[in-house]
Amino acid sequence: MKSDTHSSPSLRWDIFCRVIDNHGDLGVCWRLCADLAQRGHTVRLWVDDASALAWMAPQGCTGVAVHAWPDAAALQALTQDATFQIGDVAIEAFGCELPEAFQALMAQGTSPVWINLEYLSAESYVARSHGLASPVMSGPARGMTKWFFFPGFTPDTGGLLREPDLPARQAAFQRQAWLSALPLDKPIAANEQLISLFCYEPAALPELLTQLSQADTPTRLLLAQGRPSAAVAAATQALNMRSSGTGQLHISQLPYLSQTDFDHLLWACDFNFVRGEDSLVRALWAGKPFAWHIYPQDDLAHHDKLHAFETALDMPADLRKFHAVWNGLETGPLPALSRTAIDDWRGWSHQTQRRLQAQTDLASQIVSFAAQKR
Ligand code: TRH
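Analysis parameters
Residues numbered from 1 in each chain as written. Predicted model: local features only at pLDDT ≥ 70, side-chain atom pairs only at ≥ 80, totals over all residues. Heavy atoms only, no water. Salt bridge = Lys/Arg side-chain N within 4 Å of Asp/Glu carboxyl O. Helix = DSSP H or I, 4+ residues; strand = E, 2+ residues; numbered from the N terminus. Pairing = 2+ DSSP bridges. Axes fitted to C-alpha atoms, helices over the stretch in contact; angles between N-to-C directions. Core = buried A, V, L, I, M, F, W, Y, C linked by side-chain atoms within 4.5 Å. Buried < 20%, exposed > 50% of the residue type's maximum accessible area, 1.4 Å probe, protein only. Contact = heavy atoms within 4.5 Å. Phe/Tyr/Trp six-rings, centres within 6.5 Å; stacked < 30°, edge-to-face > 60°. Polar contact = N/O pair within 3.5 Å; in protein donor to acceptor, adjacent residues only side chain to side chain. pLDDT = per-residue confidence, 0-100. Near = heavy atom within 4 Å. Areas by Shrake-Rupley, 256 points an atom, 1.4 Å probe, with all protein chains shown as cover.

Some words on the pattern of salt bridges
Moving on, step 1. Inspection of the entire model under this criterion finds 19 salt bridges.
Moving on, step 2. The closest approach of N and O atoms between Glu-97 and Lys-146, which form a salt bridge, is 3.8 Å. Of the two residues, Glu-97 sits in the loop between strand S4 (89-93) and helix H4 (100-107) while Lys-146 sits in strand S7 (residues 145-149), which places them 49 residues apart along the sequence.

See below:
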């Protein structure tokens, strides 16, 4: 299938990913691989730790072959394999350096278009830097050019990953049936508001749990695996609260979900807590109110990054306030996550979803970009 490709031919892509920490590096790369494959391209994903794909993408994806990050022996074998061909495009995700021996292969014959896919940000440097060339001055690929590709929220950036079949999937989504099939400790009641929680270790977490337990509305907190789960366990213990919650709050642990089901989770809930990069984009596409736990950086660079995001998307002032406390930029109290507040933010989430849908998506843009640079 080639949904965007009436003008662009199907290309062969080598995408390199190093897992630094958490799941975002692989999460973003996998979405890109699957998106390109869906458009008829052929993709090799070279990754140093593919273990999370077992739950993120248990079915794999036709058109995507996953390879271990090539060590010296593997690269030696590639150089001697007469049938091995470098792809048309090489992507180093998030500045991971391509192995030198692979660069040497790239420098032979017809060189691929070499793209450095950067992290997502709404800061102004993104539009300034998107598409810039960086001549390679040393090493085996000396003389080649690397191109910077920046995802972003405005038309002068590389856009956001949004696969062609997303609207159709959303339209066909059976919320009730999907929720009923979740392996939960207790069925969801009709009057419970649903909140998903995917975060790091926010200082305001105990306050959130306390508030929800004392609220007027009953809440089911659907708790993601990994760090959020450990953070909630620590918070409930510190609060002397049952791990399954108390009062109006019931906490249900989720298993690790596939990326497809992670989307379903975001579509099914009334409010989503997301973090990092990929889950933020998926929360935007869900069109539901959300709070973003931004990846914290030691030099506090994430403060500016958060403000730029809020400004770029015209986030309502009370939701900004919630973000300031949730991300530790301000101390509490944490604004209440009441049903009224969530209802108030719904219009903004819809509007933001529609506004971003009007932009060309990242895979379409990177395909055109690569075609143009060949
Ligand atoms: O895991 P993250 O915190 O990743 C972060 C960010 O990408 C950050 O920018 C980067 O610097 C750092 O990693 C190294 O959050 P993110 O980006 O949302 O990635 C999580 C991925 O995991 C996303 O693709 C969704 C997926 N996921 C599932 O598919 N199922 C699940 O059950 C869960 C909990 C996550």
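Past the structure itself, the notes keep going.
Thoughts on the sheet that holds strand S9 (residues 219-223)
Moving on, step 1. Spatially, five strands are ordered S10-S9-S8-S11-S12 in an open sheet, and the strand pairing comes out parallel. A strand with exactly one partner marks an edge of an open sheet, and here the two such strands are strand S10 (249-253) and strand S12 (290-293). Across the sheet, the mean angle from the axis of one strand to that of its neighbour is 15°, orientation sign disregarded.
Moving on, step 2. Across five bridges, S9 lies against S10 in parallel orientation. Counted as the bridge partner of Leu-221 is Ile-251 from S10.

So, the nonpolar core
Moving on, step 1. Of all hydrophobic cores here, the largest spans 65 residues; its most connected members are Phe-273, Trp-326 and Leu-337.
Moving on, step 2. Counting residues per element, this core draws most heavily on helix H11 (residues 278-286), which supplies six residues.
Moving on, step 3. Ignoring anything within four residues of it in the chain, the contact list for Leu-337 reads Gln-193, Ile-195, Leu-208, Gln-211, Leu-212, Phe-271, Phe-273, Phe-322, Ile-342 and Trp-345.
Moving on, step 4. The next biggest cluster of nonpolar side chains, apart from the first, holds 36 residues, and it includes Ile-15, Ala-52, Val-113 and Ile-366.

Regarding the packing of aromatic side chains
Moving on, step 1. Following the criterion strictly, the structure yields 26 aromatic pairs and no others.
Moving on, step 2. For the pair Phe-153 and Phe-309, a centre-to-centre distance of 5.4 Å together with 65° between the ring planes defines the contact as edge-to-face. One end of the pair, Phe-153, is in the loop between S7 and helix H6 (166-172); the other, Phe-309, is in helix H12 (residues 301-312), and 156 residues separate them in sequence. For the pair formed by Phe-153 and Phe-309, the shared burial category is buried.
Moving on, step 3. Each ring, one from Phe-290 and one from Phe-309, has its centre 6.4 Å from the other, and the planes form 55°; the classification is tilted. Taken together, the positions of Phe-290 in strand S12 and Phe-309 in helix H12 put the pair 19 residues apart, joining distant regions of the chain.
Moving on, step 4. Taking relative accessible area as the criterion, Phe-290 reaches 1% and is therefore assigned buried.

What to know about the side chain of Asp-14
Moving on, step 1. Among the structural elements, Asp-14 can be located in strand S1 (residues 12-17).
Moving on, step 2. For Asp-14, a relative accessible area of 0% gives the class buried.
Moving on, step 3. A distance of 2.6 Å separates the side chain of Asp-14 from the side chain of Arg-44, its partner in a polar contact.
Moving on, step 4. Within polar-contact distance, the side chain of Asp-14 engages the side chain of Trp-46 at 3.0 Å.
Moving on, step 5. For Asp-14, the contacting residues outside a window of four places in its chain are Arg-44, Trp-46, Ile-86, Gly-87, Val-89, Ala-90, Ile-91 and Phe-102.

Some remarks on the confidence of the model for the protein chain
Parts of the prediction with low pLDDT should not have their coordinates interpreted in detail.
Moving on, step 1. Taken over all residues, the pLDDT of the protein chain has a mean of 95, while the share at 70 or more is 98%.
Moving on, step 2. Between residues 1-6, whose pLDDT stays under 50, and residues either more than four places distant or in other chains, the model counts 13 contacts.

Things to note about the site of the ligand
Moving on, step 1. Among the 23 residues in the neighbourhood of the ligand, the closest are listed as Tyr-200, Leu-257, Arg-275, Asp-278 and Ser-279.
Moving on, step 2. Here an oxygen atom of the ligand and a side-chain polar atom of Gln-259 are 2.9 Å apart.
Moving on, step 3. Separating an oxygen atom of the ligand from a side-chain N or O atom of Arg-275 is a distance of 2.8 Å.
Moving on, step 4. Protein coverage of the free-state accessible area of the ligand, which is 700 Å², stands at 98%.
Moving on, step 5. Where the shell around the ligand is concerned, the elements lending two or more residues are helix H1 (24-38), helix H2 (53-56), helix H10 (259-268) and H11.

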